[in-house]
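# Examination of the molecular architecture
As a plain string of letters, each chain reads:
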Amino acid sequence: VSLVESGGGLVQAGGSLRLSCTASGRTFSRYAMGWFRQPPGKEREFVASGWSGTSTYYADSVKGRFTISRDNAKNTVYLQMNSLKPEDTAVYYCAAGGPFARTRTSSYDYWGQGTQVTVSS
C-alpha cells in the first residue's frame, strides 16, 4: 500500500485545514487508517484513527477539534482540523494498519511521507 498525504500548509491560529491521504491498491477498505504527527524536536504521536467509518479514536489534545473520515470509493482518508493552535504545528503522517490498529505507531504497517502543518499565533 502506498500512501500520499496532501493539504498541509500555513494557517493562523483558529483556522482550519483538511488533510487528505490517498492510498493505492484495491483493499483500502480492509485497513484501519490513522493520522499521526511529529512536532519539531519531539517523537511521533497519535492523532486520530478509524476503522471503516464506525469506530474512531482521538488523542485528548484534538478531541472536539479534529475529525477523521474516509471515502472507501476514493481510497482516501481525511483529517478535518478546526480551531487550530500553534501547538498543532507538526509534520502529519497517515498510516494504514490491520483491523486492530488503534493508537500505537507499531500497529501500522504502511506510512506516507508526511505533510507539514504550521499554525502561526
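Our structure is the block above this text.
All figures in this text were calculated on a predicted structure; none of them were measured in a lab.

## A look at the sheet that holds strand 3 (residues 17-23)
Ordered by their spatial adjacency, four strands build an open sheet running 1-3-8-7, and the pairing between neighbours is antiparallel. The sheet terminates laterally at strand 1 (3-6) and strand 7 (66-71), the two strands that pair on one side only. Put simply, the sheet's adjacent strands are angled 15 degrees from each other on average, direction ignored. Pairing of strand 7 with strand 8 (residues 76-81) involves six bridges; the strand directions are antiparallel. The residue bridging aspartate 71 from the neighbouring strand is threonine 76, located in strand 8.

## Concerning the side chain of arginine 65
Its location among the elements puts arginine 65 in the loop between strand 6 (55-58) and strand 7. One polar contact links the side chain of arginine 65 to the main-chain carbonyl oxygen of serine 61, over a distance of 2.8 Å. Every residue in contact with arginine 65, bar those within four places of it in the chain, is listed here: Gln80, Met81, Asn82, Ser83, Leu84, Lys85 and Asp88.

## A look at the environment of aspartate 88
Summarising the element assignment, aspartate 88 is placed in the loop between strand 8 and strand 9 (90-97). For aspartate 88, a relative accessible area of 1% translates into the label buried. Once the C-alpha coordinates of aspartate 88 and glutamine 38 are considered, the two residues, 50 residues apart in sequence, prove to be 9.5 Å apart.

## Quick word on the environment of serine 6
Note on placement: serine 6 falls in strand 1. By relative accessible area, which is 38% here, serine 6 ends up partly exposed. Taking the C-alpha atoms as reference points, serine 6 and arginine 44, 38 residues apart in sequence, are found 18 Å from one another.

Calculation rules
Residues numbered from 1 in each chain as written. Predicted model: local features only at pLDDT ≥ 70, side-chain atom pairs only at ≥ 80, totals over all residues. Heavy atoms only, no water. Pairing = 2+ DSSP bridges. Helix = DSSP H or I, 4+ residues; strand = E, 2+ residues; numbered from the N terminus. Axes fitted to C-alpha atoms, helices over the stretch in contact; angles between N-to-C directions. Polar contact = N/O pair within 3.5 Å; in protein donor to acceptor, adjacent residues only side chain to side chain. Contact = heavy atoms within 4.5 Å. Buried < 20%, exposed > 50% of the residue type's maximum accessible area, 1.4 Å probe, protein only.

So, to be careful, I would describe these as geometric facts and stop short of saying anything about function.
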